[in-house]
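# Report on the structure
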Amino acid sequence: MKWPNYFKTFRKTPARVTELSSPNLLNKLKTTSATGLANMNWFSRLRIANKFPPLAVKLPSMKWFNNLKTARKIAALVTVLVLFMLVIGCTGYYAGMIMTEKAKAMYNDRLLPVKWLNAFRYNLKGTEANAWQVVLAPIDEARRQYILEDIDRRAAENTKYLNDYAAKDHDEYEADRLPKLTAEWEQYQAERKAAIDLAIGGKQQEAHAWFWDKAVPHLQQVAVYSTELADYNANCADDLRK
C-alpha cells in the first residue's frame, strides 16, 4: 500500500514527530470537550487518533470452556441447570409456605368467627320467634314443650359459639366487643326465661310486658354486637385476601 504524499511528508517532518510526542498533547486532549473535538479538522483528529488509539475492554476468555471435553461441557451445563431449578424450586416453596400461613390465619382467625357469629345470629332470631309464640300464641302443651326444647337447643348452640370465639386470640376491637356481647346474651337469656315462666303460669299480659320491657332491649344489643363482630371479621378476612 502506497502512502499519499502528505502522509509521507507528515511522517518525515521532525516537527510533526516532535509535536505528536509532546506531553502537552495529552493534557490538551484531556481538556478538550466532546464538542471541541467534533469541531477539530480531520488532520487534528488523525493526529490524536494515531497518538491515542481507542482503548479495548478485555472480556473474559471462554477458551477454557472450549478446551473442555464434550462430556465435561455437558456435565457443567447440567449442573448449572440443576442449580437454576433448585433456586426456582426454593423460591416457589417459600412463596407457597407464606400463602399457606396466610390462608390458615384467614380461616382460623377470621372465617371461623364469621361462621360462628352468623349461626349465632340465626339462632338468636329463632329464640326470639319461639319466645313470642310462648308469650302470645294460644298453643297446646305439646306444641309449647316442642318450642321450649327448641329454645334450649338454640341457646346451648349459641353459648358454644361464644365460647369457641372467646377461646381464640383477639385484637383490640374484638376484646372490647366480645365481653359486652357475652354479658348482654346472658342477661337476655335470664329475662327471656322469666317472661316464659310467666306465660306458662297463665299470666300472658305480664309475660308480654316483661319480655318487651326487660328482654327485648338486651336482645337488640346482642344483635348489634354480633353483627358488628361478624362484619369486622369479614372485612379483616377480605384484607388478608388482598
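Note that the structure is predicted; figures quoted are calculated from it, not measured. (Residues numbered from 1 in each chain as written. Predicted model: local features only at pLDDT ≥ 70, side-chain atom pairs only at ≥ 80, totals over all residues. Heavy atoms only, no water.)

When its secondary structure is counted, the protein chain shows 10 helices and 0 strands. The secondary structure elements of the protein chain, listed N-terminal to C-terminal, are α-α-α-α-α-α-α-α-α-α. Considering only intrachain contacts with a sequence separation of at least 6, the fraction spanning at least 24 residues in the protein chain is 74%. Carbon and sulfur atoms make up 61% of the accessible area of the protein chain, which totals about 17000 Å². (Helix = DSSP H or I, 4+ residues; strand = E, 2+ residues; numbered from the N terminus. Contact = heavy atoms within 4.5 Å. Areas by Shrake-Rupley, 256 points an atom, 1.4 Å probe, with all protein chains shown as cover.)

What follows is about helix α7 (residues 70-136). Its 67 residues place the ends of α7 96 Å apart at the C-alpha level, agreeing with the 99 Å of an ideal helix rising 1.5 Å per residue. At Tyr107, α7 shows its largest kink, close to 35°. (Expected span 1.5 Å × (residues − 1). Bend = angle between axes of the 7 residues up to and from the residue.)

Structurally, Ser226 can be placed in helix α10 (residues 204-241). For Ser226, the residues in contact, after removing those within four places along its chain, are Leu117, Phe120, Arg121 and Leu181.

Using the criterion set out here, one finds 12 salt bridges in the structure. Residues Asp176 and Arg177 are paired through a salt bridge, measuring 2.5 Å at the closest nitrogen-oxygen approach. On the basis of relative accessible area, Asp176 is assigned to the partly exposed category, the value being 33%. Through salt bridges that share partners, Arg110, Lys168, Asp171 and Glu174 make up one connected network. (Salt bridge = Lys/Arg side-chain N within 4 Å of Asp/Glu carboxyl O. Buried < 20%, exposed > 50% of the residue type's maximum accessible area, 1.4 Å probe, protein only.)

This next bit is on the packing of aromatic side chains. This model, assessed by the stated rule, comprises 5 aromatic pairs. Considering the side-chain rings of Trp132 and Phe211, the 4.7 Å spacing of their centres and the 80° angle between planes classify their relative orientation as edge-to-face. With Trp132 in helix α7 and Phe211 in helix α10, this pair connects stretches of sequence that are 79 residues apart. For the ring pair Trp185 and Tyr188, a centre distance of 6.0 Å and an interplane angle of 40° mean the geometry is tilted. Remark: Tyr188 and Trp185 occur in helix α9 (residues 172-200); sequence separation between them is 3 residues, near one turn of the helix. (Phe/Tyr/Trp six-rings, centres within 6.5 Å; stacked < 30°, edge-to-face > 60°.)

In this section: a nonpolar patch on the surface. The grouping of Ile74, Val78, Val82, Leu83 and Leu86 at the surface amounts to a nonpolar patch, some 450 Å² of accessible area in total. Along the chain, Val78 turns up in helix α7. Residue classification places Val78 among the partly exposed residues on the basis of a relative accessible area of 43%. (Patch = residues over 30% accessible without salt bridge, like charges linked within 9 Å, V, L, I, M, F, W, Y side chains within 5 Å.)

Think of two packed helices as two axes; the pair is described by the angle between the axes and how far apart they sit. Where helix α8 (residues 141-167) contacts α9, the two axes come as close as 11 Å, and the packing angle between them is 165°. If you check the angle between α8 and α9, you find them roughly antiparallel. The way α8 lies across α9 gives a crossing that is left-handed. Two secondary-structure elements touch here, α8 through Arg144, Leu148, Ile151, Ala155, Asn158, Thr159, Leu162, Tyr165 and Ala166 and α9 through Glu174, Leu178, Leu181, Thr182, Trp185, Gln189, Arg192, Ile196, Ala199 and Ile200. Residues of the contact of α8 with α9, tallied by class, amount to 12 nonpolar, 4 polar and 3 charged. (Axes fitted to C-alpha atoms, helices over the stretch in contact; angles between N-to-C directions. Parallel < 35°, antiparallel > 145°, perpendicular 65-115°, else oblique. Left-handed = near helix turned anticlockwise from the far one by under 90°. Nonpolar A, V, L, I, M, F, W, Y, C, P; charged D, E, K, R; others polar.)

With that settled, consider the environment of Asp169. When you line up the elements, Asp169 lands in the loop between α8 and α9. Overall, the relative accessible area of 69% leaves Asp169 in the exposed class. Note: C-alpha distance between Asp169 and Asp109 (60 residues apart in sequence) is 7.6 Å.

Turning next to the packing of α7 against α8. One can describe the packing of α7 onto α8 by two numbers: an axis separation of 9 Å at closest approach and a directional angle of 155°. Considering the angle they form, α7 stands roughly antiparallel to α8. Our pair here, α7 against α8, has a crossing hand that is left-handed. Partitioning the contact of α7 with α8 into residue classes produces 16 nonpolar, 6 polar and 5 charged.

A word on the nonpolar core. Core analysis: the largest hydrophobic core is formed by 31 residues, its most contacted members being Leu181, Trp185, Tyr188 and Phe211. Looking at this core, the elements that each hand over two or more residues are α7, α8, α9 and α10. (Core = buried A, V, L, I, M, F, W, Y, C linked by side-chain atoms within 4.5 Å.)

This part covers α8. Compared with an ideal rise of 1.5 Å per residue, which puts 27 residues at 39 Å, α8 spans 39 Å between its outermost C-alpha atoms and is within 8% of the ideal. For α8, the complete set of buried residues consists of Arg144, Ile147, Leu148, Asp150, Ile151, Arg154, Ala155, Asn158, Leu162 and Tyr165.

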